[in-house]
Amino acid sequence: VHKAKLSRQHIEIYSHSDRDPAELFSLESDLRIAVANKDFVLYYQPKVNIQNGSVDSVEALIRWMHPERGVVSPGDFIPLAEETGLIIKLGEIALELACQQAKAWQDEGHPLRVAVNVSAMQFHQEDFVEQVLDKLRQTGLPPKLLELEITESVVMGDVERVKDTMTHLSQLGISISIDDFGTGYSSLQYLNLFPIQTLKIDRSFVQSIESRTSQAPIVSTIIAMAQTLGLEVIAEGVETEEQVDFLWKHGCNLVQGFIYFRPMPAEQVISKIIALPALTKS
Ligand code: C2E
Ligand code: MG
Ligand code: MG
Ligand code: MG
């Protein structure tokens, strides 16, 4: 078995199964078929403003509806999609589904902004801006209801090109967030060079707040830095009241995490947001 060629995720998925080793390779062919058939759905996780309990934006998180395995999480196939280049098609599918859904919500009188995760390979495509524009045109979604989440890895590389792409997107009215902020290796210079609206504090920092190896000072520093630079800041992976209190105390009003909502199918989003109890902290 050509184990060396397999990614860790690849092995993890199958290591607990009693399947024939030859089936180690079926994931890739399954994924190819799934991409061709568009066997994916988006789940949505609200971003909650803890100042007033409002939700303006939801993050779209892709799920693979596998005929035998059921719902497969992105951690189990995105790495393989990136290795095989299938991420390009997958990214297009996600963008299209998200724009359609956001447009449907807008038409129903609920204009939610939808945040779509974009991988580095996808972002660096020559015609990425045109692809995004195409989806907006096809669905009729206004650009201001679209947000793109990119990681610091996107920012590395050809700075001028990245800047041009971001500037173009931003001039269209699309907002850009830096996902998993603080976990990458990029320099901080780009924060001033690029038109970025939001920093998303990685959940590893957030979840360490109450632990013995607390990274709480990093969380408060990111919040302060965002405020100084005039950027929005949101904490991801928030699970406890204690984390919410810490974030609130340090001036981070936007929160995403299981404490309020897990990612959910589109049909549930509006009723759950409306039912959100008043969260007013002040
Ligand atoms: P991400 O963009 O950083 O998304 C946040 C992940 O954290 C999601 O996992 C979400 O379900 C999870 N999460 C949210 N709140 C909590 C919490 O309170 N506790 C814990 N433990 N986890 C929480 P998910 O949906 O499995 O997605 C994992 C990653 O897969 C995403 O990380 C993103 O990098 C990638 N991904 C998801 N959808 C897409 C997509 O359409 N395109 C691309 N390129 N990547 C995607
Ligand atoms: Mg994200
Ligand atoms: Mg993230
Ligand atoms: Mg993350």
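Residues numbered from 1 in each chain as written. Chains lettered and ligands numbered in written order. Predicted model: local features only at pLDDT ≥ 70, side-chain atom pairs only at ≥ 80, totals over all residues. Heavy atoms only, no water.

Notes on the overall build of the protein
Here comes step 1: Scanning the protein from N- to C-terminus turns up 13 helices and ten strands.
Here comes step 2: Looking at the 282 residues of the protein, the share that counts as buried comes to 48%.
Here comes step 3: A separation threshold of at least 6 residues defines the contact pool for the protein, and within that pool the share at least 24 residues apart is 66%.
Here comes step 4: Here the protein displays about 13,600 Å² of accessible surface, and carbon together with sulfur accounts for 51% of that area. (Helix = DSSP H or I, 4+ residues; strand = E, 2+ residues; numbered from the N terminus. Buried < 20%, exposed > 50% of the residue type's maximum accessible area, 1.4 Å probe, protein only. Contact = heavy atoms within 4.5 Å. Areas by Shrake-Rupley, 256 points an atom, 1.4 Å probe, with all protein chains shown as cover.)

Remarks on the coordination of the magnesium ion (ligand 3)
Here comes step 1: Surrounding the magnesium ion (ligand 3) are the protein donor atoms D179 (OD), D180 (OD), E236 (OE) and E236 (OE), at 2.1 to 2.3 Å.
Here comes step 2: We note that the donor set of the magnesium ion (ligand 3) lies within a single chain, spaced as D-D-x55-E.
Here comes step 3: Taken as a pair, the magnesium ion (ligand 3) and the magnesium ion (ligand 2) lie 4.0 Å from each other and share D179 as a ligand. Taken together, the residues span a long stretch of sequence, with D179 in strand 6 (residues 175-181) and E236 in strand 8 (residues 232-236) at a distance of 57 residues.
Here comes step 4: Accessibility expressed as a relative area gives 12% for E236, which makes it buried. (Donors = N, O, S within 2.8 Å, 3.2 Å for Na, K, Ca; no water.)

Points about the site of ligand 1
Here comes step 1: Surveying the vicinity of ligand 1 reveals 22 residues, the closest of which are R63, D179, R203, E239 and F258.
Here comes step 2: Between ligand 1 and E59 there is a distance of 3.0 Å, counted from an oxygen atom to a side-chain nitrogen or oxygen.
Here comes step 3: The contact in question runs from an oxygen atom of ligand 1 to an N or O atom on the side chain of R203, over 2.8 Å.
Here comes step 4: Burial of ligand 1 by the protein chains amounts to 83% of its free accessible area of 800 Å².
Here comes step 5: Sort the elements by how many residues they give to the shell around ligand 1 and strand 2 (residues 54-66) lands first, with four residues.
Here comes step 6: The class makeup of the residues in the shell around ligand 1 is nine nonpolar, six polar and seven charged. (Near = heavy atom within 4 Å. Polar contact = N/O pair within 3.5 Å; in protein donor to acceptor, adjacent residues only side chain to side chain. Nonpolar A, V, L, I, M, F, W, Y, C, P; charged D, E, K, R; others polar.)

Some details on the coordination of the magnesium ion (ligand 2)
Here comes step 1: Within the protein, the atoms that donate to the magnesium ion (ligand 2) are E59 (OE), N117 (OD1), E149 (OE) and D179 (OD), at distances of 2.0 to 2.2 Å.
Here comes step 2: All donors of the magnesium ion (ligand 2) belong to a single chain; written as a sequence motif, their spacing is E-x57-N-x31-E-x29-D.
Here comes step 3: In this structure N117 comes out as partly exposed when scored by relative accessible area, which is 29%.
Here comes step 4: Under the relative-accessibility criterion, D179 is labelled buried at 7%.

Some points on helix 8 (residues 159-172)
Here comes step 1: In this model, helix 8 (14 residues) spans 20 Å end to end at C-alpha, consistent with the 20 Å of a helix rising 1.5 Å per residue.
Here comes step 2: Within helix 8, the full set of buried residues consists of V162, T165, M166 and L169. Each buried residue of helix 8 lies within a common arc of 95 degrees when the element is viewed along its axis, so the set occupies one face. Across helix 8 from its buried face, at more than 90 degrees, point the exposed residues E160, D164 and Q171.
Here comes step 3: Packed against the buried residues of helix 8 are helix 5 (120-123), helix 6 (128-139), strand 5 (146-151), helix 7 (152-155) and strand 6. (Expected span 1.5 Å × (residues − 1). Arc of directions from axis to C-beta.)

Thoughts on the nonpolar core
Here comes step 1: In this structure, F40 and L146 are the most contacted members of the largest nonpolar core, which totals 84 residues.
Here comes step 2: The greatest single-element share of this core, amounting to ten residues, is contributed by helix 4 (residues 87-107).
Here comes step 3: Beyond its immediate chain neighbours, meaning those up to four positions away, F40 contacts L31, A34, V35, I62, R63, W64, F77, L90, I93 and L97. (Core = buried A, V, L, I, M, F, W, Y, C linked by side-chain atoms within 4.5 Å.)

Overview of helix 12 (residues 241-249)
An α-helical turn contains 3.6 residues, so a residue and the one three or four places further along point in the same direction.
Here comes step 1: Within helix 12, burial applies to Q243, V244, F246 and L247. Burial along helix 12 is one-sided: seen end-on, the buried residues are contained in an arc of 160 degrees.
Here comes step 2: Residues of helix 12 that are buried sit in contact with helix 10 (203-207), helix 11 (216-229), strand 8 and strand 9 (254-256).
Here comes step 3: Positive backbone phi, at 90 degrees, marks G251, one or two positions downstream of helix 12.

Details of the environment of L229
Here comes step 1: If you trace the backbone, L229 turns up in helix 11.
Here comes step 2: Counting along the chain gives 146 residues from L229 to E83, while the straight-line C-alpha distance between them is 35 Å.
Here comes step 3: Excluding residues that lie within four positions of it along the chain, L229 makes contacts with L191 and N192.

All quantities given are derived from atomic positions and should not be read as evidence of function.
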